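Coordinate inspection notes
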Amino acid sequence: MMQMHLQTQPSRELVLHYYNQMIQANVLPSAHTYKLLLDAYGTLEPIDLDAMQKVFDNLCKDRRVDVQGTHWASLIHAYGTVAAQPERAVETIPTHPASQSNDIEPVCWEAILGVLASAKMTDRMEEYVTRMRQQRVRPTAYVNNMLIRGYASVGQLDKSRELFESMQDAVMGKFRVLHML
C-alpha cells in the first residue's frame, strides 16, 4: 500500500499511515520500506529534505538493513532533480561515511547522470563516466539512457546517436524504429 500511495495515487499522508500501521503491528522496516519513505519525503509535495535525511540517518543506524544503491539514488534524485541542488546531489555518496566500504552501484551512477542531464551539465557527465569506468562499473542501458538524454538536452545529437548506436541492442532498436516508420 505504501508503494501504491507513493507512485500510483501519490499521498505522503497515506504512505506514512501505512508505515505507522506496519510499525504498530511490530513489522520492522525493510530496505524497501526505507526506500519508499525516502521517496515519500523526497518526491511528494511538499518536499521535506530534512525528514528525508532523518529517514536516511535511521537507515544507517539500523543494523538489520544495509544501505543500498537504491537508497543513495533516492537521495541523489531528491537533492539534484527535485530540489535542484546538483552539487549537493553529486557529493552525497563520496562524503557520507556509509559509502566508504561499498562500491557505487550502477543505479547510483544512473541517478547522478540523471541529475547532471536535468541540469544540462554535460561536461560533468563526462567526469562521472570516467570515474564509473575507473571503478570498472559497466554502464547499464539506464545509465546510457541518461547520457543520451543529457547530450540531447544540450543539442549534442551526434554524441547521443553515437552512444545509442554503440549499445549492443542498438541495431535491433534501430531496425524496430525504421520498421515502424
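Bear in mind that the values here come from a model prediction, so they are computed numbers and not experimental data. Each residue is numbered by its place in its chain's sequence as written, counting from 1. Only residues with pLDDT of 70 or above have their local features reported here, since the model is predicted, and side-chain atom pairs are shown and tallied only from 80 upward, although totals for entire chains, interfaces and linings are computed over all residues. Water and hydrogen atoms play no part in the side-chain values, which are based on all heavy atoms of the structure.

Residue Pro46 is bonded to the preceding Glu45 through a cis peptide linkage, with omega at -10°. What counts as a helix is a DSSP run of H or I of at least four residues, what counts as a strand is a run of E of at least two, and both are numbered from the N terminus. Among the structural elements, Pro46 can be located in the loop between α3 (31-43) and α4 (49-61). Despite not being glycine, Asn26 shows a phi value in the positive range, around 60°. Position of Asn26 among the secondary structure elements: in the loop between α2 (12-24) and α3. Using a 1.4 Å probe on the protein chains alone, a residue whose accessible area is under 20% of its type maximum counts as buried, one over 50% counts as exposed, and one in between counts as partly exposed. Note on Asn26: relative accessible area 68%, which makes it exposed. The backbone phi angle of Arg136 is positive, close to 60°, even though this residue is not glycine. Here Arg136 lies in the loop between α8 (122-134) and α9 (141-153). By relative accessible area, which is 75% here, Arg136 ends up exposed.

A few words on the pattern of salt bridges. Salt bridge, as used here, is a side-chain nitrogen of Lys or Arg placed within 4 Å of a carboxyl oxygen of Asp or Glu. Summed over the entire model, instances satisfying the criterion amount to six salt bridges. With its nearest N and O atoms 2.8 Å apart, the salt bridge here joins Asp62 to Arg64. Between Glu165 and Arg161 there is a salt bridge; the shortest N-O distance is 3.6 Å. In this pair, Glu165 and Arg161 both sit in helix α10 (residues 157-166), four residues apart, roughly one turn of the helix. Relative accessible area serves as the criterion here: at 36%, Glu165 is assigned to the partly exposed category. Each of Glu87, Arg124 and Glu127 takes part in salt bridges that share partners, so that together they form one network.

Note on placement: Asp62 falls in the loop between α4 and α5 (69-82). On the basis of relative accessible area, Asp62 is assigned to the buried category, the value being 12%. The sequence separation of Asp62 and Pro29 amounts to 33 residues, and the corresponding C-alpha distance is 9.2 Å. What makes two residues a contact is simply this: any of their non-hydrogen atoms within 4.5 Å. Here Asp62 is in contact with Pro29 and Tyr34, once residues within four sequence places are set aside.

Here the focus is the side chain of Arg124. You can see Arg124 is positioned in helix α8. On the accessibility criterion, Arg124 (16% relative accessible area) is buried. Residues in contact with Arg124, not counting those within four places in the same chain, are Glu87, Val90 and Leu116.

Before going further, it helps to spend a moment on the packing of aromatic side chains. Only centres within 6.5 Å qualify two rings of Phe, Tyr or Trp (six-membered ring in Trp) as a pair; their planes then separate them into stacked at under 30 degrees, edge-to-face at over 60, and tilted for everything else. Considering all chains together, one arrives at two aromatic pairs under this definition. Look at Phe56 and Trp72: their rings are 5.0 Å apart centre to centre, the planes differ by 55°, and that puts the pair in the tilted class. One end of the pair, Phe56, is in helix α4; the other, Trp72, is in helix α5, with 16 residues separating them in the sequence. Exposure class is identical for Phe56 and Trp72. Each is buried. With a centroid separation of 6.4 Å and 55° between ring planes, the pair formed by Trp109 and Tyr128 is classed as tilted. Note that Trp109 is positioned in helix α7 (residues 106-118) and Tyr128 in helix α8, a separation of 19 residues in sequence.

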